[in-house]
Amino acid sequence: MLPADDNLIHWLSYNKKLFSFARLIISMEKSRFSVSTFFFVNGVLYATWTARLPELQAFFSMSNAELGTLLFVHALGAVVAMPFIGWLALRFSSKMTTRVSGIVFCLFISLIALSRNLVLVNALFFIIGLAAGSLDVSMNGQAVYVERKKGKPIMSSFHALFSIGMAFGAGLGALFTKFDISLTTNFMIMAALGIIALIVTSPDLVDADPEEKDVDSKKGGGFVLPTKAILPLAIIAFCCMLG
């Protein structure tokens, strides 16, 4: 066998998982593909700015304490949004809250490096946190709808796409850094691509069935304290958000 043939076989074997993933994407129904896009874009955009955090610190001339405060403000925005976005999804539909929070999240990412004023930057990161927290809750609600329609557990595939998006965004951030592309250009390009992807796929997000809306309405949809069974997971999730 020729060496070239050996290389080809090795390449095909190495990329077997990639081909399987590509087949999965192609075979996805529209609603699953749409929700998957939101998870992926969320991961990409989140990694876009975190990958360039050292440059952001230098750009804003922040001390470590000021950087820590900025990150806390971002997490605080998410924590503030999460208890209320469920009620908004019930009031206006999960499809609407997912679409709006996703686009707002991308839009405000593009504005990060437009001002060096720390007060404005902290306010901006609080809004990004609000949008991120709203998007997290809304798109996971969408994932639940898709999973119910599918009739089998597929939630992990959505979270996997978020992680893949994080890796992809971090890699692109490294490339933007390598070629000395400015923070503003980096964030605006990625935000624009994200907004386009979300607008194109958002019409295929899932509308809750009338029966599900009726059940949710009877339950109230407001803020509910976690049960004893859920409380440990809630504390872990809270610590993750603050971290």
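Residues numbered from 1 in each chain as written. Predicted model: local features only at pLDDT ≥ 70, side-chain atom pairs only at ≥ 80, totals over all residues. Heavy atoms only, no water.

## Overview of the overall build of the protein chain
In step 1: When you go through the protein chain residue by residue, the secondary structure sums to eleven helices and zero strands.
In step 2: In the protein chain, the succession of α and β elements from N to C terminus is α-α-α-α-α-α-α-α-α-α-α.
In step 3: Going through the 243 residues of the protein chain one by one, you find that 36% of them count as buried.
In step 4: Counted over contacts in the protein chain with a minimum sequence separation of 6, partners at least 24 positions apart contribute 83%.
In step 5: Of the roughly 13,700 Å² of accessible surface on the protein chain, 70% is carried by carbon and sulfur atoms. (Helix = DSSP H or I, 4+ residues; strand = E, 2+ residues; numbered from the N terminus. Buried < 20%, exposed > 50% of the residue type's maximum accessible area, 1.4 Å probe, protein only. Contact = heavy atoms within 4.5 Å. Areas by Shrake-Rupley, 256 points an atom, 1.4 Å probe, with all protein chains shown as cover.)

## A few points about the pattern of salt bridges
In step 1: Counted according to the given criterion, the structure contains three salt bridges.
In step 2: Where Glu-55 meets Arg-52, a salt bridge forms, and the shortest distance between an N and an O atom there is 2.7 Å.
In step 3: For Glu-55, a relative accessible area of 29% gives the class partly exposed.
In step 4: The exposure class assigned to Arg-52 is buried, which follows from its relative accessible area of 2%.
In step 5: Between Asp-207 and Lys-95 there is a salt bridge; the shortest N-O distance is 3.8 Å. (Salt bridge = Lys/Arg side-chain N within 4 Å of Asp/Glu carboxyl O.)

## Brief notes about the confidence of the model for the protein chain
In step 1: Model confidence for the protein chain is summarised by a mean pLDDT of 86, while 81% of its residues fall at 70 or above.
In step 2: Per-element confidence in the protein chain ranges from a low mean pLDDT of 52 for helix α10 (residues 210-219) to a high of 97 for helix α9 (residues 183-201). (pLDDT = per-residue confidence, 0-100.)

## Details of the packing of helix α3 (residues 30-50) against α9
In step 1: Taken N-terminus to C-terminus, the directions of α3 and α9 make an angle of 170 degrees; their axes are 10 Å apart at the nearest point. For the element pair α3 / α9, the angle class is roughly antiparallel. Here Phe-33, Ser-34, Thr-37, Phe-38, Val-41, Val-44, Leu-45, Thr-48 and Trp-49 of α3 lie close against α9, whose contacting residues are Asn-186, Phe-187, Met-190, Ala-191, Gly-194, Ala-197, Leu-198 and Thr-201.
In step 2: Its residues placed into classes, the contact of α3 with α9 shows eleven nonpolar, six polar and no charged. (Axes fitted to C-alpha atoms, helices over the stretch in contact; angles between N-to-C directions. Parallel < 35°, antiparallel > 145°, perpendicular 65-115°, else oblique. Nonpolar A, V, L, I, M, F, W, Y, C, P; charged D, E, K, R; others polar.)

## Quick word on unusual backbone geometry
In step 1: In this structure, Ser-61 takes a positive phi of about 55 degrees despite not being glycine.
In step 2: Mapping Ser-61 onto the fold places it in the loop between α4 (53-59) and α5 (64-92).
In step 3: In the Ramachandran plot, Ser-93 falls in the positive-phi region, its phi being about 100 degrees despite a non-glycine side chain.
In step 4: Tracing the backbone shows Ser-93 in the loop between α5 and α6 (94-109).

## Considering the environment of Ser-134
In step 1: With respect to the helices and strands, the residue Ser-134 is situated in helix α7 (residues 118-150).
In step 2: In sequence terms Ser-134 and Pro-83 are 51 residues apart; their C-alpha atoms lie 9.1 Å from each other.
In step 3: Apart from the residues within four sequence positions on either side, Ser-134 is in contact with Ala-81, Ile-85 and Ser-101.

## Some details on the environment of Lys-95
In step 1: Residue placement: Lys-95 occurs in helix α6.
In step 2: On the accessibility criterion, Lys-95 (14% relative accessible area) is buried.
In step 3: Sequence separation of Lys-95 and Pro-203 is 108 residues, and the distance between their C-alpha atoms is 8.6 Å.
In step 4: Ignoring anything within four residues of it in the chain, the contact list for Lys-95 reads Gln-142, Ser-202, Pro-203, Leu-205, Val-206 and Asp-207.
In step 5: Of note is the side chain of Lys-95, whose polar atom sits 3.1 Å from the backbone oxygen of Pro-203. (Polar contact = N/O pair within 3.5 Å; in protein donor to acceptor, adjacent residues only side chain to side chain.)

## Notes on the nonpolar core
In step 1: The biggest cluster of nonpolar side chains holds 43 residues, and the ones touching the most others in it are Leu-45 and Ile-112.
In step 2: Ranked by the residues each element gives to this core, the list is headed by α7, at eleven residues.
In step 3: Excluding residues that lie within four positions of it along the chain, Leu-45 makes contacts with Phe-105, Cys-106, Ile-109, Met-190, Ala-191 and Gly-194. (Core = buried A, V, L, I, M, F, W, Y, C linked by side-chain atoms within 4.5 Å.)

## A closer look at the packing of aromatic side chains
In step 1: Counted under the stated rule, the structure contains five aromatic pairs.
In step 2: The ring of Phe-92 carries the charged tip of Arg-91 above its face, separated from the ring centre by 5.1 Å.
In step 3: Positioned above the aromatic ring of Phe-59 is the side chain of Arg-116, whose terminal nitrogen or guanidinium carbon lies 3.9 Å from the ring centre. (Phe/Tyr/Trp six-rings, centres within 6.5 Å; stacked < 30°, edge-to-face > 60°. Lys NZ or Arg CZ within 6 Å of the ring centre and 35° of its normal.)

## Some thoughts on the side chain of Asn-186
In step 1: Mapping Asn-186 onto the fold places it in helix α9.
In step 2: The class of Asn-186 is buried, set by a relative accessible area of 1%.
In step 3: When neighbours within four sequence positions are excluded, Asn-186 is seen to be in contact with Thr-48, Arg-52, Gly-173, Phe-176 and Ile-181.

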